[in-house]
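# Observations on the three-dimensional arrangement
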Amino acid sequence: MGRITDFFDERFDLSPIRRWVSDKTVPQHKHSFWYYFGGLALFLLTVQIITGILLAFYYSPNPANANESVRYIMEHVQYGWLIRSIHFWGANFLIAVVLVHMFSTFFMKAYRKPREVMWILGVLILALVLTFSFTGYLLPWTTLSYFATKVGVNTPMVMPVIGNFISQIMQGGEDVSAATLTRMFTLHTVILPLTAAGLVTFHVLLSQVLGTSVPLSIKKLDGETKFFPHFLMRDAAVWSGTFAILLAFASVFPANLDPKVNPILPAPAGIKPEWYFLFIFQTLRTIPEIAAVGLVTLGGIVWLMVPFLDRKPVNGKPFFTLFGIGVIVYTLTMTIFAYITTAQH
Amino acid sequence: MTAFLIQVADTLSAKIPSFTDRFNFTLPLIVVLLILMFFILLKSYESEKGR
Amino acid sequence: MSLSRRSFLNRILAGGAAIFSAYVIYPVIRFLIPPPVPLDAQTRVQAATIDELKPNSAKFFRFLDKPAVLVHLQNGSYEALSAKCTHLGCTVAFEQDKDIFYCNCHGSQFNIDGKVIKGPAALPLTQYAVSVSGDDIFVTTQNQQV
């Protein structure tokens, strides 16, 4: 091992890396527990990429073969059921972990100077992860896939002037069809992964350069843990435990595969999107469409700009904390209402 | 291609493995992971104290 | 932490990591190996009808997951062969005036029974058995009982 490091030492100045390895610490205090969620999100993203690549070996992105190729993976490919089930549950876990990571950094006000750019990157990564889910959802080409995509792709139509154009670009035409499927597949396997690689690398790089933020309420640290090897080992322990839970879910609840869609038939009763989109879905059903789209868009922009709106974050001034609680209460309420009102059908 | 896939699906009787078969494979892996998690935490805290 | 305790811990961790890695790599490798094609579903195929295959013509079809060719010879009999060139796998073409199979990729030639006339191919094309039942022409492997 020494010979390998000597090889690089003779050619490159490795001292910045050496300094980072030896000096990087993580603050210890009563809220340190939340620091694990960022690394966990990165781990889950890696699991998704690996299982996704494996699935791409057998998946066929056209309406004639899509559903059949997924059935082939589930029923004939060795461990296909496991790889696909991990990918399915991994997606749900990833979204949940990213949400926890986002809200915990929000309430710890980790977005304040100098970490504003990290926050913006983080919100973009959330949008990316949700887009990953939306594009991936169509790929099995089932009834739910088809109609969920139809709703999603028709939502921009309420926007004046550009709405119809945006819908057509998303759909690859006037309707959800083979063109839509190839478009979603390309987004899901090429465009989004490349974008994610860029955003996530930049986000993680900044967290290394800027160090870990400490909440305003903490006046004195309990200590500092060295990142290498101690905190990283604890990260690895969290990842192991999470992977164990993910495997348990994949084994007990293998990913479902409904039959192929027949697009001529009507949309089934009680159709609704996945849990992470329900609050938007319910907002659209509760208030007039254009107001709903406006509200969600405005909400997104405000959320993105929080570091620049919360100009003087001071301990004891809870306006933005209350705002954050308000956002959580709103999304939870809308999600619950969506479940209740669709179950009634 | 589609006809071939359907033919294969109909001929072979294999569906996804039963609950028992699934767990027979993943349960030992889950146990290994939990043990690994415990020992990693142990090592992390012990080596930090030992400094 | 004593030295022996530390090395014990390290050994457990190394062992655990090795077991975990092997346990993950095994299904990934099995996953990537394509599942076997079920042969019994395909060892008897209706390749053509009598009407569609005129004398001195050939029809290409799929048999045993590979390209195959059914020829209606000038003398009225039928011949079925693998159409996959034994050189590097291109599908051969049928030259009806000369009753030979010609591979466009590298120039191999085979006679009507599949034997090599001209290389670079070295091995003959596999022959299959043909039987007629009513209007249908069936192709089976040579050791199959129809």
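We now turn to the structure provided with this report. Since the model is a prediction, treat every value here as computed from it, not as a measurement. (Residues numbered from 1 in each chain as written. Chains lettered and ligands numbered in written order. Predicted model: local features only at pLDDT ≥ 70, side-chain atom pairs only at ≥ 80, totals over all residues.)

### Focus: the overall build of chain B
Per the secondary structure count, chain B includes 2 helices and 0 strands. Here chain B holds 51 residues, and 18% of them are scored as buried. (Helix = DSSP H or I, 4+ residues; strand = E, 2+ residues; numbered from the N terminus. Buried ≥ 20, exposed ≤ 12 C-beta atoms within 10 Å, placed from the backbone.)

### Let's talk about the interface of chain A and chain C
Listed per partner, the contact involves 9 residues of chain A and 7 residues of chain C. Broken down by element, the side of chain A that touches chain C gets its largest block of residues, 3 residues, from helix H5 (residues 80-107) of chain A. Among the residues forming the side of chain A that touches chain C, the class breakdown is 6 nonpolar, 3 polar and no charged. (Contact = placed C-beta atoms within 7 Å. Nonpolar A, V, L, I, M, F, W, Y, C, P; charged D, E, K, R; others polar.)

### Focus on the sheet that holds strand E5 (residues 93-95) of chain C
All names here are of chain C. Strand order in the open sheet made by the 4 strands is E5-E6-E7-E8, with antiparallel pairing throughout. Edge strands, defined here as strands with exactly one partner in the open sheet, are E5 and strand E8 (116-118). As paired elements, strand E7 (residues 109-110) and E8 share 2 bridges and run antiparallel to each other. Across the sheet, the residue bridging to Phe110 is Val116, located in E8. (Pairing = 2+ DSSP bridges.)

### Observations concerning unusual backbone geometry
Residue Pro229 of chain A is reached from Phe228 of chain A by a cis peptide bond, and omega for that bond is -5°. Mapped onto the elements of the fold, Pro229 of chain A is located in helix H10 (residues 227-252). With omega at 15°, the peptide bond leading from Gly119 of chain C into Pro120 of chain C counts as cis. Examined against the element boundaries, Pro120 of chain C turns out to sit in the loop between E8 and strand E9 (127-133). Positive phi, normally seen in glycine, also occurs at Leu64 of chain C, with a value near 55°. Along the chain, the position of Leu64 of chain C falls in the loop between strand E2 (57-63) and strand E3 (66-72).

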